[in-house]
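# Architecture and fold: a report
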Amino acid sequence: MTLLEFENLRVSLGDRPILRNVTLSVAAGEAVGLVGESGSGKSMTVRSVVRLLPEGAAVTGAVRFEGADIASLGAAGLRRMRSRDVAMVFQDPRAVVNPVRTVGDFLTEVLRDQGVNRADALRKAAGSLSEVGVDDASRRLAQRPYELSGGLLQRVVIAAALLTEPKLILADEPTTALDVTTQEEVVAILDEQRRRRSVALMFITHDLELAAAVCDRIAVMYAGEIVEILPADRLHTEARHPYTRALLGSRPGTVPPGQRLRTVPGVPQSALTAPPGCVFADRCPHAEDRCRDTRPAFRGSAACHLLEEVR
Ligand SMILES: Nc1ncnc2c1ncn2[C@@H]1O[C@H](COP(=O)(O)OP(=O)(O)OP(=O)(O)O)[C@@H](O)[C@H]1O
């Protein structure tokens, strides 16, 4: 069953396009990874789900959650969606947790708004903390954010995200601000908990391998567009779009130690500077005239004129 659907979503700021033709669906309980270079539109795509776009953003096309166009939600519907159905986990936990209130206040806020009494809300919060691997939950509830490490605080944010039993979690590079070992632990917990509860996930990351480990499908974004969507377990064998292949070829693990890392040649485009044809044409080693002139339609799993030729 489809939970979330983007249909020809286009977002612009003034005359500056940010997203173009974004079409993607997420089934109930499914994890979809959004990968691509900085500025490719990953954050704007997930933010459009909860209408958290920059002021003045013009939106056409549709984003539907459980069949309802989110553009038509009134204030109450939007609040309900943000506080109950859809949870968000962002890069930096310190940016979302009120620094002067306790962890307990942060965790119980939404439940209290929903009419749960304080004792029950605290009990649920402590349970949720234990589930994400935070020991000594009652002591943690009384602490303030500065007393917790970044990794611990991100677990608190994940505990909060799970507390309202959402149908969808939007995770925007949830571990980028953490050190490598903590990153692995935090992703493992998010992954385990959302699988156990069959919560759908949109997971933004620069790390293709991580996306493949955590997600069922992967959507690759470039210059405000989705250029390829494929099952995570076939990322290595079935990636067809030259950009996806270039990303796969530039992973650190693909070169022997001591050798220079490969990069995707050229400079990333934004939706504004992208050429009229294929958004990747300027950097694509296979590009022909038609690639520069005519925008390729999505065929099967990718938007590329040369799917048959490039093997
Ligand atoms: N608040 C904003 N105001 C104006 N433009 C913005 C704003 N936020 C993002 N943009 C622009 O929108 C485009 C898409 O940005 P977005 O943050 O979605 O990219 P991203 O793929 O998530 O990048 P990153 O990996 O660096 O977070 C970029 O060109 C960016 O400059």
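Residues numbered from 1 in each chain as written. Predicted model: local features only at pLDDT ≥ 70, side-chain atom pairs only at ≥ 80, totals over all residues. Heavy atoms only, no water.

### Some thoughts on the packing of aromatic side chains
In the structure shown here, the tally under the stated rule is three aromatic pairs. Geometrically, the ring pair formed by Y222 and F280 is edge-to-face, given 5.2 Å between the ring centres and 85° between the ring planes. Of the two residues, Y222 is situated in strand β9 (residues 217-222) and F280 in the loop between α10 (242-249) and α11 (289-293); the sequence distance between them amounts to 58 residues. In terms of burial, Y222 and F280 fall into one category: buried. An aromatic cluster of at least three residues, connected via ring pairs, comprises Y222, Y243 and F280. (Phe/Tyr/Trp six-rings, centres within 6.5 Å; stacked < 30°, edge-to-face > 60°. Helix = DSSP H or I, 4+ residues; strand = E, 2+ residues; numbered from the N terminus. Buried < 20%, exposed > 50% of the residue type's maximum accessible area, 1.4 Å probe, protein only.)

### Observations regarding the site of the ligand
Within the structure, the ligand sits among 14 residues, and S38, G39, K42, S43 and M44 are positioned closest to it. A distance of 2.8 Å separates an oxygen atom of the ligand from a polar atom in the backbone of G39. At the level of secondary structure, the elements contributing two or more residues to the shell around the ligand comprise β2 (16-27) and α1 (42-47). Broken down by element, the residue count for the shell around the ligand peaks at three residues, all from α1. Within the shell around the ligand, the residues separate by chemical class into four nonpolar, six polar and four charged. (Near = heavy atom within 4 Å. Polar contact = N/O pair within 3.5 Å; in protein donor to acceptor, adjacent residues only side chain to side chain. Nonpolar A, V, L, I, M, F, W, Y, C, P; charged D, E, K, R; others polar.)

### Here we look at the layout of surface pockets
Approximately 440 Å³ is the volume attributed to the largest pocket. Every residue lining the largest pocket is counted, 20 residues in all, and those nearest its centre are R82, M88, F106, V110 and A160. Sorting the residues of the lining of the largest pocket by element identifies α2 (75-85), β6 (86-89), α3 (103-113) and α6 (150-163) as the ones contributing at least two each. Of the residues assigned to the lining of the largest pocket, the class counts are 15 nonpolar, two polar and three charged. (1 Å grid on protein atoms, 1.4 Å probe; cavity = no way out; pocket = protein on both sides within 12 Å on 5 of 7 lines; lining within 4 Å. Points joined across faces, edges and corners; volume = space filled by probe spheres on them.)

### Here's the deal with the pattern of salt bridges
Per the counting criterion, the structure on display carries 20 salt bridges. Residue E7 pairs with R64 through a salt bridge whose shortest N-O separation is 2.3 Å. Taken together, the residues span a long stretch of sequence, with E7 in strand β1 (residues 2-13) and R64 in strand β4 (residues 57-65) at a distance of 57 residues. In this structure, the salt-bridge partner of E37 is R283, at a minimum N-O distance of 3.0 Å. Of this pair, E37 sits in the loop between β3 (31-35) and α1 while R283 sits in the loop between α10 and α11; the two residues are 246 residues apart in sequence, bridging distant segments of the chain. Using a relative accessible area of 17% as the deciding quantity, one classes E37 as buried. Residue classification places R283 among the buried positions, given a relative accessible area of 8%. Look at the salt bridges and you will find they share partners, linking E66, R80, D85 and K167 into a network. (Salt bridge = Lys/Arg side-chain N within 4 Å of Asp/Glu carboxyl O.)

### Focus on the pairing of β1
Where β1 meets β2, eight bridges bridge the pair, whose relative direction is antiparallel. Residue pairing for β2: S12 is matched across the bridge by P17. Once β1 ends, the chain turns through two residues before running back antiparallel as β2, passing G14 with a positive phi of about 60°. Across eight bridges, the pairing between β1 and β4 is antiparallel. For V11, the partnering residue across the bridge sits in β4 and is V59. (Pairing = 2+ DSSP bridges.)

### Observations regarding the UniProt feature "domain: ABC transporter" (unreviewed entry) in the chain
The positions that UniProt labels "domain: ABC transporter" (unreviewed entry) are, in the present scheme, residues 4-248. Annotation note: span residues 4-248, helix share 40%, strand share 27%, distance between end C-alpha atoms 27 Å. (UniProt positions renumbered as here; feature names shortened; annotations may be inferred.)

### Brief notes about the nonpolar core
Grouped together as the largest cluster of nonpolar side chains are 39 residues, with contacts concentrated most on L107, L129, V156, I169, L201 and F203. Contacts of F203, omitting those with residues within four sequence positions, involve V32, G33, L34, A171, P174, V187, L190, L210, V214 and C215. Core analysis: the second largest hydrophobic core is formed by 30 residues, L3, I18, V49 and M81 among them. (Core = buried A, V, L, I, M, F, W, Y, C linked by side-chain atoms within 4.5 Å. Contact = heavy atoms within 4.5 Å.)

### Here's the deal with empty space enclosed by the protein
Rolled over the atoms, a probe with the dimensions of a water molecule shows which regions are left empty. For the coordinates displayed, the defined rule picks out two cavities of 30 Å³ or more. Looking at the largest cavity, its volume works out to about 60 Å³. Considering the residues around the largest cavity, the lining is formed by H241, P242, C278, F280, A281, C284, A287, C291, C304, H305 and L306. Its residues placed into classes, the lining of the largest cavity shows nine nonpolar, two polar and no charged. Quantified by volume, the second largest cavity comes out at close to 50 Å³. Lining the second largest cavity are E225, I226, V227, H241, C278, V279, R295, P296 and A303. Here the lining of the second largest cavity gets three residues from one element, more than from any other, and that element is strand β10 (residues 225-231). Within the lining of the second largest cavity, the residues separate by chemical class into six nonpolar, one polar and two charged.

### Points about helix α4 (residues 118-131)
Taking 1.5 Å of rise per residue, the 14 residues of α4 would be expected to cover 20 Å, and the 20 Å separating its terminal C-alpha atoms lies within 8% of that figure. Within α4 the residues assigned to the buried category are A121, A125, A126, S128 and L129. End-on, the buried residues of α4 take up no more than an arc of 165°, which puts them together on one face. Turning to α4, the residues buried within the fold contact α3, α5 (137-142) and α6. Between a side-chain oxygen at the N-terminus of α4 and the backbone nitrogen of A119 the separation is 3.2 Å; the capping residue is N117. Where α4 ends, the next residue or the one after it, G133, has phi of about 80°, a positive value. (Expected span 1.5 Å × (residues − 1). Arc of directions from axis to C-beta.)

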